[in-house]
Structure formats: structure tokens, C-alpha cells
Protein chains: 4
Amino acid sequence: MRIGVLTAGGDCPGLNAVIRALVRTANSEYDSPVLGFQDGWSGLVHDRAVPLFDDEGIDRILLRGGTILGTGRLNPDILRGSLPEIRATIARHSLDALVAIGGDGTLKAARWLTENGIPVVGVPKTIDNDVGGTDYTFGFDTAVSIASDAIDRLHTTAESHERVMLVEVMGRHAGWIALHAGLASGAHMIVIPEVPFDIDYVCKVMKRRFQMGEAYGICVVAEGATPVEGSGMALREGGTDQFGHEVFTGVADQMAAAIAERMNRDVRTTVLGHIQRGGTPTAYDRVLATRFGVHAAHAVHRGDFGQIVALRGECIEMVPVEEAVAVLKTVPEDRYREAACLFG
Amino acid sequence: MRIGVLTAGGDCPGLNAVIRALVRTANSEYDSPVLGFQDGWSGLVHDRAVPLFDDEGIDRILLRGGTILGTGRLNPDILRGSLPEIRATIARHSLDALVAIGGDGTLKAARWLTENGIPVVGVPKTIDNDVGGTDYTFGFDTAVSIASDAIDRLHTTAESHERVMLVEVMGRHAGWIALHAGLASGAHMIVIPEVPFDIDYVCKVMKRRFQMGEAYGICVVAEGATPVEGSGMALREGGTDQFGHEVFTGVADQMAAAIAERMNRDVRTTVLGHIQRGGTPTAYDRVLATRFGVHAAHAVHRGDFGQIVALRGECIEMVPVEEAVAVLKTVPEDRYREAACLFG
Amino acid sequence: MRIGVLTAGGDCPGLNAVIRALVRTANSEYDSPVLGFQDGWSGLVHDRAVPLFDDEGIDRILLRGGTILGTGRLNPDILRGSLPEIRATIARHSLDALVAIGGDGTLKAARWLTENGIPVVGVPKTIDNDVGGTDYTFGFDTAVSIASDAIDRLHTTAESHERVMLVEVMGRHAGWIALHAGLASGAHMIVIPEVPFDIDYVCKVMKRRFQMGEAYGICVVAEGATPVEGSGMALREGGTDQFGHEVFTGVADQMAAAIAERMNRDVRTTVLGHIQRGGTPTAYDRVLATRFGVHAAHAVHRGDFGQIVALRGECIEMVPVEEAVAVLKTVPEDRYREAACLFG
Amino acid sequence: MRIGVLTAGGDCPGLNAVIRALVRTANSEYDSPVLGFQDGWSGLVHDRAVPLFDDEGIDRILLRGGTILGTGRLNPDILRGSLPEIRATIARHSLDALVAIGGDGTLKAARWLTENGIPVVGVPKTIDNDVGGTDYTFGFDTAVSIASDAIDRLHTTAESHERVMLVEVMGRHAGWIALHAGLASGAHMIVIPEVPFDIDYVCKVMKRRFQMGEAYGICVVAEGATPVEGSGMALREGGTDQFGHEVFTGVADQMAAAIAERMNRDVRTTVLGHIQRGGTPTAYDRVLATRFGVHAAHAVHRGDFGQIVALRGECIEMVPVEEAVAVLKTVPEDRYREAACLFG
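All values reported here derive from a predicted model rather than from experimental measurement. (Residues numbered from 1 in each chain as written. Chains lettered and ligands numbered in written order. Predicted model: local features only at pLDDT ≥ 70, side-chain atom pairs only at ≥ 80, totals over all residues. Heavy atoms only, no water.)

A.B. asks: How should I be thinking about the relation of the copies chain B and chain A in this particular structure?
C.D. replies: Superposing the two chain copies requires a rotation about an axis and a translation along that axis. With an RMSD of 0.0 Å, chain B superimposes on chain A once it is rotated by 180° and translated 0.0 Å along the axis. This pairing of chains is accounted for by a two-fold axis. Of every C-alpha in chain B, the one belonging to G313 of chain B sits nearest the axis of rotation, 2.1 Å from it. Looking at the interface residues of chain B, 100% of them are also at the interface in chain A, so both copies use one shared face. (Least-squares fit on C-alpha atoms with pLDDT ≥ 70 in both. Contact = heavy atoms within 4.5 Å.)

A.B. asks: Can you walk me through the interface of chain B and chain A in this structure?
C.D. replies: By a widespread convention, an interface's size corresponds to the accessible area lost as its parts come together. Each partner contributes residues to the interface: chain B has 48 residues there, and chain A has 49 residues. Carbon and sulfur atoms supply 50% of the area buried between chain B and chain A, which totals about 3,800 Å² over both sides. For the chain B face of the interface with chain A, the top three residues by lost area are E314, C341 and L342 of chain B, together amounting to 17%. At the level of elements, α1 (15-30), α3 (56-59), α7 (140-161), α8 (176-184), α11 (283-302) and α13 (333-340) of chain B are the ones that each hand at least two residues to the side of chain B that touches chain A. Ranked by the residues each element gives to the side of chain B that touches chain A, the list is headed by α11 of chain B, at nine residues. (Buried area = accessible area lost by both parts, 1.4 Å probe. Helix = DSSP H or I, 4+ residues; strand = E, 2+ residues; numbered from the N terminus.)

A.B. asks: Help me understand the sheet that holds strand β8 (residues 217-222) of chain B in this model?
C.D. replies: For sheets, the rule is that strands pair by backbone hydrogen bonds, running either parallel or antiparallel. All names here are of chain B. Spatially, the four strands line up as an open sheet ordered β7-β8-β6-β11, and their pairing is parallel. Where the open sheet ends on each side, the last strands, each with one partner, are β7 (189-191) and β11 (267-271). Between one strand axis and the next, the sheet turns by 20° as a mean value, whatever way the strands run. When β7 meets β8, the two strands line up parallel, connected through three bridges. Along β8, the bridge assignment pairs I190 with V220. Running over the sheet, α8 touches β6 (164-169), β7 and β8 and is turned about 170° from β7. (Pairing = 2+ DSSP bridges. Axes fitted to C-alpha atoms, helices over the stretch in contact; angles between N-to-C directions.)

A.B. asks: Is there a simple way to explain the environment of T142 of chain A in this structure?
C.D. replies: Structurally, T142 of chain A can be placed in helix α7 (residues 140-161). A C-alpha to C-alpha distance of 8.7 Å links T142 of chain A and A283 of chain A, two positions 141 residues apart in sequence. The contact partners of T142 of chain A, leaving out residues within four places of it in the chain, are P13, T280, P281, T282 and D285 of chain A together with R153 of chain C.

A.B. asks: Honestly, the packing of aromatic side chains in this entry has me stumped. Any pointers?
C.D. replies: The description of an aromatic ring pair rests on the distance of the ring centres and on the angle between the ring planes. Residue and element names in this part refer to chain D. Counted according to the given criterion, the structure contains 14 aromatic pairs over all chains. An angle of 15° between the planes, with centres 6.0 Å apart, marks the rings of Y136 and F140 as stacked. Side by side, Y136 and F140 carry an identical accessibility label, which is buried. Cation over ring: R209 sits above Y216, and NZ or CZ is 5.3 Å from the ring centre. Positioned above the aromatic ring of F210, the side-chain terminus of R265 is 3.6 Å from the ring centre. (Phe/Tyr/Trp six-rings, centres within 6.5 Å; stacked < 30°, edge-to-face > 60°. Buried < 20%, exposed > 50% of the residue type's maximum accessible area, 1.4 Å probe, protein only. Lys NZ or Arg CZ within 6 Å of the ring centre and 35° of its normal.)

A.B. asks: Just to check I follow, could you spell out the side chain of R335 of chain B for this structure?
C.D. replies: The topology assignment puts R335 of chain B in helix α13. Within the local environment of R335 of chain B, its side chain forms a polar contact with the side chain of H180 of chain B, the two groups lying 3.3 Å apart. Once you skip the residues sitting within four places of it in the chain, R335 of chain B turns out to touch R291 and E314 of chain A together with W176, L179 and H180 of chain B. (Polar contact = N/O pair within 3.5 Å; in protein donor to acceptor, adjacent residues only side chain to side chain.)

A.B. asks: How should I be thinking about the pattern of salt bridges in this particular structure?
C.D. replies: Think of it this way: side chains of opposite charge can pair up when their charged atoms draw near. With the rule as written, the count across this model stands at 84 salt bridges over all chains. The partner of R172 of chain A in a salt bridge is E223 of chain A, with the nearest N and O atoms 3.6 Å apart. Linking R172 of chain A in the loop between β6 (164-169) and α8 (176-184) with E223 of chain A in the loop between β8 (217-222) and β9 (239-240), this pair joins segments that are 51 residues apart in sequence. E223 of chain A sits in the partly exposed class, given a relative accessible area of 27%. In this structure, the salt-bridge partner of R48 of chain B is D39 of chain B, at a minimum N-O distance of 3.2 Å. Several salt bridges share partner residues, and in doing so they unite R20, R24, D54 and D59 of chain A into one network. (Salt bridge = Lys/Arg side-chain N within 4 Å of Asp/Glu carboxyl O.)

A.B. asks: Honestly, the UniProt feature "binding site: ATP" (unreviewed entry) in chain A in this entry has me stumped. Any pointers?
C.D. replies: Residues and elements named next belong to chain A. Look at the UniProt record and you will see "binding site: ATP" (unreviewed entry) annotated at G10, R73, L74, G103, D104, G105 and T106. Look at the named residues: they lie 97 residues apart in sequence, but the longest C-alpha span between them is just 12.2 Å, so in the fold they bunch up. Within the secondary structure, G103 sits in the loop between β4 (97-102) and α6 (104-115). Residue class for G103 comes out buried when judged on its relative accessible area of 16%. As for its placement among the helices and strands, D104 is situated in helix α6. (UniProt positions renumbered as here; feature names shortened; annotations may be inferred.)

A.B. asks: Help me understand the pairing of strand β12 (residues 307-312) of chain C, please; the structure alone is not making it clear to me.
C.D. replies: Taken residue by residue, a regular strand's side chains alternate between the two faces of the sheet. Here β12 of chain C pairs with strand β13 (residues 315-320) of chain C via six bridges, running antiparallel. Paired with Q307 of chain C across the strands is P320 of chain C, a residue of β13 of chain C.

A.B. asks: Would you take a moment to explain the sheet that holds strand β6 (residues 164-169) of chain D for this structure?
C.D. replies: Residue and element names in this part refer to chain D. If you trace the four strands from one edge of the open sheet to the other, you get β7-β8-β6-β11, paired in parallel fashion. Strand pairing shows two members of the sheet lacking a second neighbour, β7 (189-191) and β11 (267-271), which therefore form its edges. Taken pair by pair, the neighbouring strands of this sheet meet at an average axis angle of 20°, ignoring direction. The sheet contact formed by β6 and β11 spans five bridges and is parallel. Bridging from a neighbouring strand, V164 pairs with V267 of β11. Across the sheet, helix α8 (residues 176-184) lies against β6, β7 and β8 (217-222), angled at about 170° from β7, the strand it touches most. Running at roughly 165° to β6, helix α10 (residues 251-263) makes contact with β6, β7, β8 and β11 of the sheet.

A.B. asks: Quick question: what am I supposed to make of the packing of α8 of chain A against α11 of chain B here?
C.D. replies: In a pair of packed helices, the angle between the axes and the distance between the axes together describe the arrangement. Relative to each other, α8 of chain A and α11 of chain B sit at 85°, their axes nearing to 8 Å. It follows that α8 of chain A is roughly perpendicular to α11 of chain B by the angle criterion. Counting all contacts with α8 of chain A, which are made through H180, L183 and A184 of chain A, the residues of α11 of chain B involved are A283, R286, V287 and T290 of chain B. When grouped by side-chain class, the residues that make up the contact of α8 of chain A with α11 of chain B number four nonpolar, two polar and one charged. (Parallel < 35°, antiparallel > 145°, perpendicular 65-115°, else oblique. Nonpolar A, V, L, I, M, F, W, Y, C, P; charged D, E, K, R; others polar.)

A.B. asks: Is there a simple way to think about the domain arrangement of chain A in this case?
C.D. replies: All names here are of chain A. Taken as a whole, chain A is organised into domain 1 (3-139 + 281-325) and domain 2 (142-277). Of note, the centres of domain 1 and domain 2, computed from C-alpha atoms alone, are 35 Å apart. Each partner contributes to the interface: domain 1 provides 13 residues, whereas domain 2 provides twelve residues. Of the roughly 930 Å² buried between domain 1 and domain 2, counting both surfaces, carbon and sulfur atoms make up 51%. Counting across the interface, domain 1 meets domain 2 through zero salt bridges. Between the two partners, domain 1 and domain 2, sit five residue pairs in polar contact (both at pLDDT 80 or more). Broken down by class, the residue content of the side of domain 1 that touches domain 2 amounts to five nonpolar, four polar and four charged. (Domains from an automatic or database assignment.)

A.B. asks: Any chance you could explain the side chain of R24 of chain A here in plain terms?
C.D. replies: As for its position among the elements, R24 of chain A is in helix α1 (residues 15-30). Exposure remark for R24 of chain A: the relative accessible area of 6% places this residue in the buried category. A distance of 2.9 Å separates a polar atom in the side chain of R24 of chain A from a polar atom in the side chain of D59 of chain A. Setting aside anything within four residues of it in sequence, one finds R24 of chain A in contact with E29, D54 and D59 of chain A together with C341, L342, F343 and G344 of chain B.

Next comes the structure, spelled out in C-alpha cells:
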């Protein structure tokens, strides 16, 4: 078989490990060549292809963050309108199947293309761990690990200066990174999008720490956290400052201002940002991404199209796309309660 | 309730995280005091107890390797013979339940004590990941991570000097660490106890690499690996050298000698040893160990005695001890085949 | 002799390593007890003292960030006005000498106290590496190492998304962290306070990269960087937004806006912030801080008061306070030129 | 100018950073092309050359351990006998100068070739930090850092199991790695080649720890350590065991046996081996190696032949080869005494 592969959506540690394992398995087990398309779906539409050989070059990408194919986001409507071009690219290279590595939108596209006669196997990719059908996705462990390391460092600074510190981590809609990084680093409070926060309760937890003689408090906040309605705090949207420049203040900065006012104490914020999604994957993510790549190669040759590779317990299984994209996988209430035992 | 806790068997990153989460949850959710016993089961037999308070001291151990309680191994027969002493200790401190963190032997003891009227909840601990009933155990990810980091470093040295390198990792009976560390670090061959190795096949894979123009080869070997019968190589037992001193040569060193002879090439060995089981746990292990501790506290108060906490997919569940200790969880054949696609 | 010790000013990895080495050396070599004062100079003024014993507890702090004594800033005028209280504290504990670990202000205070009959040995502390008289100060290598790790991670994200990325690191007055972290991580441009930047030149360097076919560019910016006068860009001061909230936009964010406008390209910013000054010190900093502590103990017993310990080449030497505080040690022009060879 | 470059001797983190900085500086500042020779001096003798371009490929090697040019050792007599071939290679590629990156032997060869009309600038390379004329060499900080991380991990295992642990690190003739790694990781004893050890004294220090109530002891041993004459212990040479196989037991293993016997206690050994010299360099080493590369390019164009680049305080200076190779730079007695304050 001749196989095409592309990576779409945001950067994620482990993308290269999937590509490497796919190429090596397709080559060594099935003698199937693999062609990479650049910059996500648009590389398929506009036929920007590079052959991927099983050589030292491909072997070495295992540890490299990012994606050697580049990535990009494509409007689903534009994608649907580009079916003729996609068919042409597929025909031009005599491809028998595609492997599409991406998030929600990419997996839906994989499904839709399969229905339209272009057989695709999906590999789920979300650093936020919010895709259904799979226990975990690669990149998540790396993000949690980076965030935990950073929070470990903040403990001693917060303690030496007797401060409250807020750390904003990734997670627009799901609080998985905040939950795991908070647990791993012994945060005293974790705020996630799934459970609206009461700023007065956050202050209460922090105050109690100081009353108990502790010298500081650390609160991990997912970027998508929101206050409960009717509480004393509402999030401001971005605006323009008096110089006419756009101003966007994240949730942690706004919480910090509110807590500083209520507690009359020095509150500092750290926004981890892009460092959470780049660089060498953890060993865990390299294993998971490698296994996804090996199984994607097998799935293509078995003909498991319109499906995705997924982790279930210790096994990699095939799961229909529907299961993965039906609902966003958010943090269930009992998982948050589990962590809340350790607050304070 | 009044709860006792002990850690038994070999050192393992995450033990302190379990203790911390147990103490904090028992204190904050149930107002239950926790008493630690030192040096494993013998601390219970000889009543060497330390109260564990939910303060800054206990909070800080989250990142610390080892176990603040110390550990030790106790002959199961001696343990069984010490029931009166154990009962006395339990009575002296008015304990309602025990939490025992340990491997196979400890979990069996937990079961046996429960049957003898001393209610115990077990927390499985094995750095080798070879306990049944749970997808993973804490400490394993840390060991894999340390081994992968080490192997990453060996790649460039092996390449610069055009060498074959063998890396011996932990795993007497199960090859999980070798398998995961080998996958994570892009090893060219992985040898595990579950699949006896043919030294000539190992040489063939390495030779093929050099023939293809690659400059080096890395093989990860679990310490418990054994050669296939009838192959050109048999493992020597330890002996005494001409100076009358005991000599024990590990499997990697013996393989290295055999490969050097067959390939007429410089072969070097690295035995990772104790560094795999010490130090700060990875974020993954801190989360898993913390969750085990939280759930052990809940299990005690629910009365789930004779059972262990276990990871199933994304959830922590209670599992009967039998399930965990029935058979050693070894690497299944298809998991090894999955990795073997990437050899060479 | 009886010795007092305090840590003042901002948090810095290695403070605990100095304390540990001082205590252990004073105890084991001279049988001199050491008393710690809490929260910087104010602990001396208000006599908040803790005895520091050479035991397992003190031994273990070697790896810990922050300072077990706490820290604080004290107005020099208040300090000078508190001489009677300081004398009283010294007398109350029969102290023969003090060791003061801190920056510019603390070293000057050490000098002034010595002149007023309170013998002090200074240990220079600045994460920014801008104290004179010593080649390097502890904490700096850790900050550079953390910043480099972060920038390593940004490379692949920037590349996958074809972006310009700005990374803001510490350094109000001196660009040492930016210079070293930029060199260590292969940044394509480094902007430091010592050399005002021309935003058009920064854009030119970045544009040239894209013209040469590179997919991205990374620029490291010290927080104290300023534009050249007469260039097309002036830094705005903080202000209030239309909601009446204080707004402070750092130099990297302002540069990002200017570059995005000029290059019509996605420009992102990462502000590393507090994570640069916390957590476990690097091996380099642990060695340097330990040597400073050992030599501070010797200096006290030799009577080298009004002086500081300093690194010169491979040796620790005593240097008069004047030499350390005369001028801020900034990046010399030829050091910047050395790095500029590698821009683009 | 046209410049050749080669790397000789053992692997060392930072070699690629030197090559990268040399190529980039030679290209951008002087428009001088650079040609790499493979596998050390033999690549020059046998003319195995690869052009090195200032592109993304060369940029990316900054973080990579090993050397992209490969390395090798060449007998100095063979080198001297190959002058005609070397001249021919130089002429064939119209080279104006060479940059030779290597240890003692390579620097001497650089000197000898310069005297014979082939102008060479030397870049000192020794992971053991035992080359004179320069404060530090790249690779050393990485080795110390890796060893410290490993020893950090051993602390908790040793403590949990109440053991004495010996850690063998690199250093045949000089104890720099043992000294720095021991200081950085809080070892309780450090044994280096410069100061012969008395096994009874080592035992005494360890025994005293247990008597003081400590639970364990860690001793760092350089591989080249030797016992004092007349002490109760002499090192055995390697031999053959009763199976006719070669047996080499390192110094740490022999010390372990002697201590176990004398203390009647469990003593374990970890031999760090090759992992100390491979993989990504620390930020410190990347900066130092980069600066060496930049200055080597300048030195070539200034005509500073027969000299080496060297670190002096904070500056890179040129130093005559003689100064670097005159004597092995070993640990001075006062540096060892400085550390000995902290033993026990």
C-alpha cells in the first residue's frame, strides 16, 4: 500500500514519534512507502508532499518536539469544498490510504473523507486530553510534567517571600492539565473550567493556610476557568487601554487582583504559556505516540478506516471516530472531588 | 478511625506521595489520625511507631524519593508467627485499620491479616510493574523515565565511537521497564525475560544496521533476560575469581562479550542499577501515588478490607488481593511484537 | 566563635546551600555554633532567631530552593536607625560575627556594620550576576538553565507554526541571563539593557531568516531592554485601562505588537517570570554556593570582616565590599558582539 | 580563508556546539567556508571531508551530544608519519588553516603541525577538566550535572534501606568530576586519585554517621582512586575467572567489598559509566563551547596559530599550547581540604 500522512492543529510533543513509528512499521512490516503532506490539510489540498524514508533522519525525530511536517488549521468548509483537489492529490501519488493526526476537527474530517471514498485512519491529538474514546493522548503527560516542574520551582519562591501565587496553565474547556499538574506539584487549590470558582472560597482556603502558620499558598488555574455567577467577581473581557492598544488580561491575573484586594497581601501570577506544548516529549508520551504510530500502520493495512487508534487501559484499540468526537472529555465531578481532599 | 500505615519491600519513587495523600485525606475528610510504622512489617511487630501529622513537614515529602518510614523485608513465616505481637501493637494504639504499601508479599500479608481480624487495605508497589489487577503502579514511570534519559545519552556516544552498546535495566521476571525504556529511547533491540533471546539474532540485527550505513546500535536488556536453549550462548552463574573473590557478571556483560566476539567490534555495557529506583518521582507517578493514597483513605473508611487500590483506565478502583497476586503480570507476546516492528 | 547568619533580598537558588555549608564548616572545623535570623535584616533587628544544627535536617536543604530562613527587604535608612536594636540582638546571643547573604544593599550594610563595630562577612547574592568583584554568583546558572530549557521548547512550537517568538527573561539592568540563555538555546536575536535595540533591525534579522527559507525566529529579551532613541518605537509606561484597572505591559509584549505590525506575521510572547528564581539549584550553583559557605566560615574565623567571598577563576577569594558594590557589573560591549556573530 | 575542522579523542557534550559556532562565525563574519573531517585525525590523513554549511541543519546540532564529524584516536607516531598525506589533503582543498578540537594529544599535534607549516588553532576538550591553561572545559559541567542527578537519586534509596553506597564516576588521573559531583550532591565522602584513600578512614567516617543516628552514607569515588600504601587494602588488577573469562573489577566494587567486610553492613555500588559523557550539554557547556567556537573562528583569522582558546575568569583568551599540555591539571590539596570540611 502507499500511505499519506499529515499533522493538523496545534503543536504537540509526540507528533514526530507517531510519524517515525508509522513510517518504520509501514516500511519494515509491509514494505509500504509513506508520503508526508506539509502544513496540515492544506498540504494535501495543494499537494505539498515529501517522501519519508526509514533512515537515520526519521529515526532521530523521536525526541524532537513539534512536527517535521509542519501543521496548520483549515476551515472545515474549505476542506469540504476541496474534495476534488484532495482526490487529485491522492490519485497523483497513487495513495491507498491516509493517516491524519489531529484533534476534533481532523478526526471528523477523517470520518467524512472515508465516507467519500478516501480511506483515512485517525490518530487523536490533543494536549488538553479532552478527546473521548481514549484514556490519554500523547503530549498531555509532557504538558503536565512541564507545568509540575514550574510549580515545584514556585513553591520555594512563594515560601521565601510569603506570597500567594497563581499559576495559569493550558485548558480552555477541560481542566485535565490543571488537575494533574496541581496534584503532582502539591498545589493548595486547583481551579478548572468544569467547576466555576468562588473567589471568596479561594481566599478562604488561602487565609486558612496562613492562619495555620503556613507561609504561602499556590493555586493552579486553567486558562478557561470562570467564576460562579453571583459571586463577587466577574471576568472582564479584553479591551483597549488608554493608549488605544488591545489589552487582554487572563483569568489568573484577574483572580490575582481580586485576591490581593481581599487578602491585602502580595499575590503573583505566572502564565506558563507556550512552553507547555513544545520540546522533547516525556518517556511516557514517546511510548504512547510510538504505539499509536505502530498501530496506525497496522490499522491501515487491516482496512480499519474511519476509526482512530486509542489507549484503553494498557492496550491500543481501534475506536470509531464518533466515540472520540461525540463530546468533549471533561473532568468528571468525582475526579475533582478526589483532588479537593488535598486542598488547603 | 485510627489508621496505621507501613511501607515494605524495595524502595520506589512515590511511596512518600502515597503516605502524604493518605494522611491528608484521613485528617481533612474523616478527622482520622494516622500512625506510621518504621522499617516495614518489623515496625509493626516491634511497635516502632511515629505519628504523622498533616503539616508542612508531611506536605513537603511529595517530591521526595524513598520512604520517610523506612522499609524492610520480612520473612512471611516470621510475620505469621508474629500475629500476637501485631495484635498487641494494634491494640496498644487502638488502631481500627492498617494501610500496607508493598509488593506481592505485602499484599498477601494484607489479605491474611484481614482474614485474621486485622483489617488491612493494600496499596500495590512494584517498580517493575509486574503486579496484576492494576494497569500501572507508581515508580514504574519514574524508572522508565530515568532509563530513557540514560539511553538518550548513550545514543550520541555510541554513534560518535561507532559502537554497539548494551544497557541493562531492572526487571528480573518482567520486561516492562526494558520494553518501555527501549521504545521511548529508540533502542534498536530490546531483550526481555519473557522472550528468550538468540544471541545470533541480536548480532544479525546489529550487523544489518552497520551494513545499512548506520554507525552504531543500542540494545536494552532486562536484568532477567535469558538465552534460548540450544543457542550458542549460555549464561554463566557467578563464581569466584583466581583471587578467591566472588564474581557476578550480569547478563548484559555476558552478552557484550559474546557479541564482541561474533562481530569483532567494540561493545560496551552500561548497568543502570540503583539510580532507577530513587529520587523525585515523575509527575505521572506523583499523580498516581497521590490518587492511591486518597483512595486508600476512602477505602479504609468504607471498610474495603482485603482489597487493594488499582488503576483501571483513568479510574482508581478496588480490586481483591487475589487478582493482584494470582500471577506475575509479564509482557504479553503481542506487546513485544508491537515493539519488534521497530527493531533494527 | 558564635556566628549569626541571615539572607536578604530576592529569592535565589543556592541560598540554602550556603547556609548548610556555613553551619557544617563552622561546627565541624571550629566547633562554632550558628544562629539563623529570619526574614532578612528585620529578623536581626527584632531578634527572631533559630539555632541551626549540623544534622540531617540542615544536610537535606542543599537541594532545596528558597531560603529556610525566609528573606525580606529592609530600607537602608531604617537599618541604620536600628543600630541599637541590632547591637542588643548581637549582645543577647553573644555573637562574635555575622554572615550576611544578599545583594548590593546587604553588602553595603555589611560594610557599614563592620565599621560600626559589628563584624560582618558578606556573601554576594544576585540571580542577575550583576555584582562586581566575583566572576559569577550562585543562582545565575540555575536561572540561565531554566530559561534555556524553556527556549529549547519554544523552538519546535515556533517552527511548527512558522512564528516569531519573543521570550522575556529576568534582567532589569544587566543582560547576563538573556545573553547566556540566548547563546545556550540558539536564539536568533538577543536584546539586553546595555545595548538599546532598534525594532527595525530586529525585524530585519527576522525577515532575513524567513527569506532564507527558515520557518521561524526566536528573540530573547531582558525585561530591562529599551529601544534606541529616535527609532520608530518607544516603550509605553503602565497605565490604567478603560475599566480603571492597572495595566502593565512588559517590553516583550510591546515589541511583539510592533514586530507583528511591521512583519504582518503571527508573533507570540512568553514571559518566564518567577520560575527562573526558584527550585533546586543546578549542580554548578550548588558547588559555588557550597564553596561560598565553606569560605564564609573560614573568613569569619580569620577575621576577614567587611569583605565578601568571591569567585575568581577557579578559586574563592576575599574581596573588599567596595569592589563588589562600586558599579553594577553589566555586559561589556565585546561580550555582546561575541554573541551577535550568531544572530540571524 | 578556507578552514578545516576535526574532533578527536573521546566523546564530549559540546563538540557540536563548537562546530556550529565556528561554522556560523566563519561564514557570517568572514565569509569563510568550513570543511569538516570525519573520525578525527584519520579523516584528515585519508581525506574524508564534508562541507559544513551555515543552515538549519548545522543550527540544530547545538543541543546534540556527540560529534556530527565522528571521532577517533590516532597514534601520534602514525600522525607524524602521515605529514605528506596531511599536506596533500590541505592542498587538495586549498585550506588556509585547521581547527582541531581535542585533548592533550590533539593539542600537541596542533602545535607540531603549526611548526611544520600547517597552521592550526586548538580547542581544548576534556570531560575530566584536566587540561591546563583554561579554568574549565566544556563537557565537564554536563558530566558533573549527570553524576549529581544520579547521586541525588541514590540518597533516598540508601536512606530507605540504611545502606552505604559507593558511586564510581569518571576521572582516571584527576578527581574534578568526583569533587564537584560530590559537593553538589552532598556526598559524605569523596575519594580522588590525587589523594590516596585509607579504607579504614573511609569506614570510620561512615561508622560515625551511623553512630550519630544517620541512616546511611554515600561515598563518591573517582575511577582512578588508589589506596594509600601500607593500608589494609590493595587494589587487585583485572584477571581471569575460573571460566577463563577476563574479569575487571573497578575500584568502587573493591572498596565496597572491603567496607562491607569491615562494617558488616550492606554496601552497594553504582558505576555511572558512559552516561556521563553523552547527550545534550547543560546550558553552561553550550555557552562555553559556543564561545570557544566563536573565538576559534576569530583566532584563525587573526592568525593565532599554535595556540588554544581558553576560559580565564569570564573571558575567552588565547593561550600557547605549551601552557595547556605542560602538566595534567589535577585537584590541588587545598581544593580537596575545602570539600573535606563537609565529609561525614
